[in-house]
2 protein chains.
Amino acid sequence: MRTLGTTPAADGFRMPAEWERHDGCWMVWPQNGYVWREGARPAQRALAALANAVADTGEDVTVTVTGDQYAHARSSLDSRVRVVEVTSWLGWARDIAPTFVVDDTGRRRGVDFAFNGYGNRYPYWATDDQYARKVLDLTATDRYRAPLVVEGGAFHVDGEGTALVTAENLLDPARNSGPTRTAMEELLAAYLGVTRTVWLDRGLTHDATLGHVDNMACFAAPGLVCLTWTDDTRDPQYERSARALEQLRGATDARGRTLRVEKLPLPGPLHATEGEMRGTDSHTSPARHPRPPRLAASYANFYLSADHLFVPLLDPGYDDEALTRLARIFPDHTVVGIPTRELLLGGGNIHCATQQMPSPQ
Amino acid sequence: MRTLGTTPAADGFRMPAEWERHDGCWMVWPQNGYVWREGARPAQRALAALANAVADTGEDVTVTVTGDQYAHARSSLDSRVRVVEVTSWLGWARDIAPTFVVDDTGRRRGVDFAFNGYGNRYPYWATDDQYARKVLDLTATDRYRAPLVVEGGAFHVDGEGTALVTAENLLDPARNSGPTRTAMEELLAAYLGVTRTVWLDRGLTHDATLGHVDNMACFAAPGLVCLTWTDDTRDPQYERSARALEQLRGATDARGRTLRVEKLPLPGPLHATEGEMRGTDSHTSPARHPRPPRLAASYANFYLSADHLFVPLLDPGYDDEALTRLARIFPDHTVVGIPTRELLLGGGNIHCATQQMPSPQ
């Protein structure tokens, strides 16, 4: 693994869209008692179900674990799932694994963004900041270390030059003190290989990441965006989504297309129960990260492969509608629903739990 | 990674000779203070020199580390060397990494022998017993778990059906209580794919492993064995080597060949100095493993690739003779000498520190 002093854009690399062909998927075994209840066992079962489901579709899945959880994880996962040691404290591969970029000559490289525990809202992030580098080392992939704190859940790309982000998240001074919107656009251009950034003001309400776009909206295809939506004007999500809709409809992408928007229903509102909160460090000790009882639940937080869509099942009142809409939006994909409330209790969902490794082009 | 209930021999697999083509080499970063002095830093420098030298010849090298040593190991090793997390306590890849086997249809699998700290002569071996399994998981290689305690340094093969072992080591009751010589031969036949086992009575004097053959003798080619030798009849090694010579000359291999023997000089005798022993746990605390001051030094403990030979430099009085003899024995290989006294202080040498991953055939 060489660490390169250049940038992906300068070297002709770009981040592919999530729907482009994958060589594999990375996930992290939930293992801390701070965000996960009951020693993380319920979250581990949910993660195992997700990993096994993705592996069932023929995609290579690697689940990383700390050393002392190896045997337990190994016995919980299908034999087709690879289990490897990579120490980490947090559980979200999307945010700590590398963002892979490709060029037109069959090469793949990785971007290692700095990580600081979501703007120091979570503790113990030092090993997580090493995570991307370790994955690139393990996969013998050349590395760019990006000089900015950004998690993988903070952006979506259409693979054709456009990034989708929120200002609430990307301009958070607890992550990066300094960069203006223009400077941040230049950094995204350099490290994701995009030429156009579409900004939303804010992400999902009550999101502990402070506005990760992947819990709010995502590209379904070039020119097509899925947006979390509620018609309930009293819900704090309403004005966030309404403003985002306005911004999306007023935007054009890198190819000059105006964006079409498909709405996904907002589940709930969902709240953690007392029983669910009990026994996590973040609940019972003076928490550095105040866990809100309202859960940041979103059907937009799905994982997309070239032929499958792995969608969280969150709320019996909305699951069918969400699955039906997504099947219509992705007519060539098979939609797989996976119960993920135990992942949601830790603050994220299926998209947060996964990081694709795109195939070289 | 599937764990198979059959055996390599039953499935048509065999262990290739070390000189057959490799896809890569595995090494373990020295990291405990029990066998390594000064926080293992001198041994780490020696291991790094070895890893970089093997990588220099174009062979893919992976060095495994525990999580907290990742950044240190990474910065000590050439960027071509892959550094990955695999927790272990001991430092010898030969003895804890899988033994890879191949068949004639392009498949490679791995044998995971049980490990118990060299017959409980070393403590803390639980994670080391998981090591082979983790490497097979990481490399997506199907696994045989062998129902016997054997380290990789306990056998050499010629790739054509013959294994070379010592009775002192393989019949050690602290490793396996029970198997007769015949039963052990059957197990080696099943797991290494050999049909003939050549037994030496004993290995090198003062070897803490109790007679690993790889510190005593090895195949240089089918029908050709290198044997550690001394003409000093007062040295305790003399009668060990003399008896081995007698046994080798009286043996035939799996193809019916009589064996030719090439002698390698015994260095020294070498002893650890007080300064070298100071500061290791095994020296300053009541040691479960009594470290003998005489070092088990051997030029036979080299690593062999398809075109290179990596030989320990041990004793200025014998190094040139050893290198010259080995260059004559391996006329088609380039001989690379590497100073390894700091590895030797921990009880092993270059062959112990390496484990080849043979290419599929």
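For the structure itself, consult the block above.
About the cut-offs
Residues numbered from 1 in each chain as written. Chains lettered and ligands numbered in written order. Predicted model: local features only at pLDDT ≥ 70, side-chain atom pairs only at ≥ 80, totals over all residues. Heavy atoms only, no water. Contact = heavy atoms within 4.5 Å. Buried area = accessible area lost by both parts, 1.4 Å probe. Salt bridge = Lys/Arg side-chain N within 4 Å of Asp/Glu carboxyl O. Helix = DSSP H or I, 4+ residues; strand = E, 2+ residues; numbered from the N terminus. Buried < 20%, exposed > 50% of the residue type's maximum accessible area, 1.4 Å probe, protein only. Polar contact = N/O pair within 3.5 Å; in protein donor to acceptor, adjacent residues only side chain to side chain. Least-squares fit on C-alpha atoms with pLDDT ≥ 70 in both. Phe/Tyr/Trp six-rings, centres within 6.5 Å; stacked < 30°, edge-to-face > 60°. Pairing = 2+ DSSP bridges. Axes fitted to C-alpha atoms, helices over the stretch in contact; angles between N-to-C directions. Core = buried A, V, L, I, M, F, W, Y, C linked by side-chain atoms within 4.5 Å.

Focus: the interface of chain A and chain B
Moving on, step 1. Of the residues lining the interface, 20 residues belong to chain A; the matching set on chain B comes to 20 residues.
Moving on, step 2. Here chain A and chain B share an interface that buries about 1,800 Å² over both sides, 44% of which is from carbon and sulfur atoms.
Moving on, step 3. The largest contributions to the chain A side of the interface with chain B come from Tyr70(A), Glu85(A) and Asp137(A), which together make up 33% of the buried area.
Moving on, step 4. Our count for the chain A to chain B interface comes out at four salt bridges.
Moving on, step 5. For Lys134(A), the salt bridge goes to Glu85(B), with nearest N and O atoms at 2.8 Å.

Focus on unusual backbone geometry
Moving on, step 1. The peptide bond linking Gly268(A) to Pro269(A) adopts the cis configuration, its omega dihedral lying at 15°.
Moving on, step 2. Here Pro269(A) is to be found in the loop between strand S13 (260-265) and helix H9 (274-277).
Moving on, step 3. In the Ramachandran plot, Ala140(A) falls in the positive-phi region, its phi being about 50° despite a non-glycine side chain.
Moving on, step 4. Checked against the element boundaries, Ala140(A) lands in the loop between helix H5 (126-138) and strand S7 (143-149).
Moving on, step 5. Relative accessible area serves as the criterion here: at 57%, Ala140(A) is assigned to the exposed category.
Moving on, step 6. Of note in this structure, Leu210(B) is not a glycine but carries a positive phi near 65°.
Moving on, step 7. Position of Leu210(B) relative to the elements: it lies in the loop between strand S10 (196-200) and strand S11 (217-221).

Examining the environment of Asp319(B)
Residue and element names in this part refer to chain B.
Moving on, step 1. Turning to its location among the elements, Asp 319 is positioned in helix H11 (residues 319-329).
Moving on, step 2. The exposure class of Asp 319 is buried, given its relative accessible area of 12%.
Moving on, step 3. Placed 53 residues apart in sequence, Asp 319 and Leu 266 show a C-alpha to C-alpha distance of 9.9 Å.
Moving on, step 4. Among the polar contacts listed, one links the side chain of Asp 319 to the side chain of Tyr 299, at a separation of 2.5 Å.

Remarks on the relation of the copies chain A and chain B
Moving on, step 1. With an RMSD of 0.0 Å, the fit of chain A onto chain B corresponds to turning through 180° and sliding 0.0 Å along the axis. Here the two chains are linked by the operation of a two-fold rotation axis. For chain A, the residue whose C-alpha comes nearest the rotation axis is Glu85(A), separated from it by 2.8 Å.
Moving on, step 2. When you check the interface residues of chain A against chain B, 100% turn up at the interface there too, and the contact is symmetric in its surfaces.

What to know about the packing of aromatic side chains
Residue and element names in this part refer to chain B.
Moving on, step 1. Scanning the model with the defined rule gives 22 aromatic pairs over all chains in all.
Moving on, step 2. Centre to centre, the rings of Trp 36 and Trp 92 are 5.4 Å apart; their planes meet at 50°, and the pair counts as tilted. Here Trp 92 lies in the loop between strand S4 (82-85) and helix H3 (93-96) and Trp 36 lies in the loop between strand S2 (22-28) and helix H1 (41-56), a separation of 56 residues in the sequence. The two residues Trp 36 and Trp 92 agree in class, both being buried.

A few points about the sheet that holds strand S2 (residues 22-28) of chain A
Residues and elements named next belong to chain A.
Moving on, step 1. Pairing within the open sheet is mixed, and its four strands lie in the order S4-S3-S2-S17. The outermost strands of the open sheet, each flanked by one partner alone, are strand S4 (82-85) and strand S17 (355-358). Within the sheet, the average angular offset between the axes of one strand and its neighbour, ignoring direction, is 25°.

Quick word on the nonpolar core
Moving on, step 1. With 104 residues, the main nonpolar core has Val63(A) and Val63(B) as its most contacted residues.
Moving on, step 2. Discounting residues that sit within four places of it in the chain, Val63(B) has contacts with Met27(B), Val28(B), Trp29(B), Leu47(B), Ala51(B), Leu77(B), Val81(B), Arg82(B), Val83(B) and Val84(B).

Notes on the sheet that holds strand S9 (residues 162-166) of chain A
Residues and elements named next belong to chain A.
Moving on, step 1. If you trace the three strands from one edge of the open sheet to the other, you get S8-S9-S10, paired in mixed fashion. Whereas interior strands pair on both sides, the edge strands pair on one side only; in this sheet they are strand S8 (156-157) and strand S10 (196-200).
Moving on, step 2. Of the strand pairs in this sheet, S8 and S9 are connected by two bridges, and their pairing is antiparallel. Bridging across to S9, His 156 finds its partner in Leu 164.
Moving on, step 3. Strand contacts of helix H7 (residues 181-192): S8, S9 and S10, with the helix running at about 130° to S10, the strand carrying the most contacts.
Moving on, step 4. Packed onto the sheet, helix H8 (residues 236-249) meets S9 and S10 and runs at close to 155° relative to S10.

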